[in-house]
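Fold and geometry: a report
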Amino acid sequence: MKIYAISDGDYSTLTGMNGGMLESPDGKRIVYARKNDLSVPEGMEIWVCDHDLSNHRHVFTVSCMNHNGPSATFLNNSDIVFRDASRGLNSFVILNVDTLEVKHRIFAKESHREENGIYPFSVSKEFLGANPDHPEISRCGIYLMELATGNISLAVTEEEIVELVRENGFTPTEFTGAVSHVQLNPAADAVMARISVKECPTFGALGCVDLRTRKMHLIPDKPVHQLWYDNDTYMATRQFKIDDRIDMATSYIARFSKDGEELEVLGGIGNHIDGSPDRSLFTGDRCYPGYSPDIYIYEKGSKKPCEMIEMADLQDMIWKKQVHPNPSFSLDGKRLYFNRPVSDTKTVASFIEL
């Protein structure tokens, strides 16, 4: 199995969150990040290249640490979005990679990707008042940006999220309104997010709101690193805590209903996961303390991997510098992208051909 480096030199390169869109929808370009020193937030550069790894261009520089890189992902064939904390508060930037025009900078928590022309994001208390050019961002909650027009609307309020927790018999925390991992389903008519709940300190809860019916769902002690499987169900890693430690050997990838019912097994050991566009293959990394974070590829329904990508056992890089493999399929299912640490100071954004 040949592993290709997107770009290799005397620097590190990083991909974004699992399940993101590293390739443009037309498959012509790739977005990734470069950084000279992984120990500091400064100097995280956003780069774009052609699908054949030619024409590399530096398009922006941000400040952020290494977990999920700058969460860079394509929104359409010309626009990308990424995280930046250079102004002392987390923001996301939408940039046209052809003109280098900054179309939007919103102080908020970014999401995994766009769906159906809509980009979701979340606003918690620290962001209130930070977007004077957007008076519509006036409350905590989950927002939707219509990419064609730039229109922003509040989809789910903090009060609705807190009430969802209480209605299910759980206790909100001071962080319940600060949801993360906001994701729209492919039809963009339902949104899910990770929610802080007092009774679920390890895994948290997964909340979902059907935007048309306003029906709400909650999964306590949720499966982790969830992504939408289709418009109505999730794919995620089922993990178990044994002797006060999350157990690697008993983890597996499965599909779940919005209310947490396990519907079918999709694969074996994993942590950060993704599924091929046709949902025939699934991938997960063995990103657990004390193990090399090998990447497994599974045929649907099998806990035995059909392929394995061996990774170096670099615990400092994985846990202190927070460089996780984050495997992600391309939109055409022909490539699998991932982070590949190669030393205690260097990691290489890589892919294999499937």
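Residues numbered from 1 in each chain as written. Predicted model: local features only at pLDDT ≥ 70, side-chain atom pairs only at ≥ 80, totals over all residues. Heavy atoms only, no water.

1. A look at the overall build of the protein
Counting its regular elements, the protein contains two helices and 27 strands. For the protein, whose C-alpha radius of gyration is 19 Å, the value lies close to the compact-globule estimate of 20 Å for 354 residues. Principal-axis analysis of the C-alpha atoms places the extent of the protein at approximately 50 × 50 × 35 Å. Here the protein, with 354 residues, has 56% of them falling under the buried criterion. Long-range contacts, defined here as pairs at least 24 residues apart, represent 46% of the contacts in the protein between residues at least 6 apart. As presented, the protein carries roughly 14,300 Å² of accessible surface, and 47% of it is formed by carbon and sulfur atoms. (Helix = DSSP H or I, 4+ residues; strand = E, 2+ residues; numbered from the N terminus. Rg over C-alpha atoms; globule rule 2.2 N^0.38 Å. Buried < 20%, exposed > 50% of the residue type's maximum accessible area, 1.4 Å probe, protein only. Contact = heavy atoms within 4.5 Å. Areas by Shrake-Rupley, 256 points an atom, 1.4 Å probe, with all protein chains shown as cover.)

2. So, helix H1 (residues 158–167)
For H1, the set of buried residues is Glu158, Ile161, Val162, Leu164 and Val165. Projected onto a plane normal to the axis of H1, the buried residues spread over an arc of 155° and lie on a single side. Counted as exposed and oriented over 90 degrees from the buried face of H1: Arg166 and Glu167. Once H1 finishes, Gly169 follows within two positions and takes phi at roughly 85°, a positive value. (Arc of directions from axis to C-beta.)

3. Remarks on the pattern of salt bridges
Overall, the coordinates contain 21 salt bridges when judged by the stated rule. Across the salt bridge formed by Arg29 and Asp98, the nearest N and O atoms sit 2.8 Å from each other. On the criterion of sequence distance, the pair formed by Arg29 in strand E3 (residues 29–35) and Asp98 in the loop between strand E8 (91–96) and strand E9 (102–106) is long-range, its members being 69 residues apart. Using a relative accessible area of 47% as the deciding quantity, one classes Asp98 as partly exposed. The salt bridge involving Asp232 is made with Lys258; its shortest N-O contact spans 3.7 Å. (Salt bridge = Lys/Arg side-chain N within 4 Å of Asp/Glu carboxyl O.)

4. Digging into the sheet that holds strand E10 (residues 118–123)
Across a sheet, strands are paired by hydrogen bonds formed along the backbone, either parallel or antiparallel in direction. An order of E10-E11-E12 is seen for the three strands of this open sheet, with the pairing classed as antiparallel. A strand with exactly one partner marks an edge of an open sheet, and here the two such strands are E10 and strand E12 (152–157). Across the sheet, the axes of successive neighbouring strands diverge by a mean angle of 30°, strand direction being ignored. Relative to E12, strand E11 (residues 141–146) runs antiparallel, the two being bridged by five bridges. (Pairing = 2+ DSSP bridges. Axes fitted to C-alpha atoms, helices over the stretch in contact; angles between N-to-C directions.)

5. Some points on the sheet that holds strand E18 (residues 233–242)
Pairing within the open sheet is antiparallel, and its four strands lie in the order E17-E18-E19-E20. The open sheet has two edge strands, strand E17 (224–228) and strand E20 (262–267), and neither has a second partner. Direction aside, the axes of adjacent strands within the sheet are offset by 30° on average. By the bridge criterion, four bridges tie strand E19 (residues 245–257) to E20 in an arrangement that is antiparallel. By the bridge assignment, Ala254 is partnered in E20 with Val265.

6. Quick look at the pairing of E19
Pairing of E18 with E19, which is carried by nine bridges, proceeds in the antiparallel orientation. In the strand pairing of E19, Tyr234 is matched with Phe256. As consecutive antiparallel partners, E18 and E19 are separated by two residues, and within that stretch Asp243 has a phi angle of approximately 55°, a positive value.

7. Focus on the environment of Ala5
With respect to the helices, strands and loops of the structure, Ala5 is situated in strand E1 (residues 4–5). The partly exposed category is assigned to Ala5, whose relative accessible area is 23%. Filtering out sequence-adjacent residues up to four positions away, Ala5 remains in contact with Leu53, Val348, Ala349 and Ser350.

Shape descriptors only; they carry no functional weight alone.
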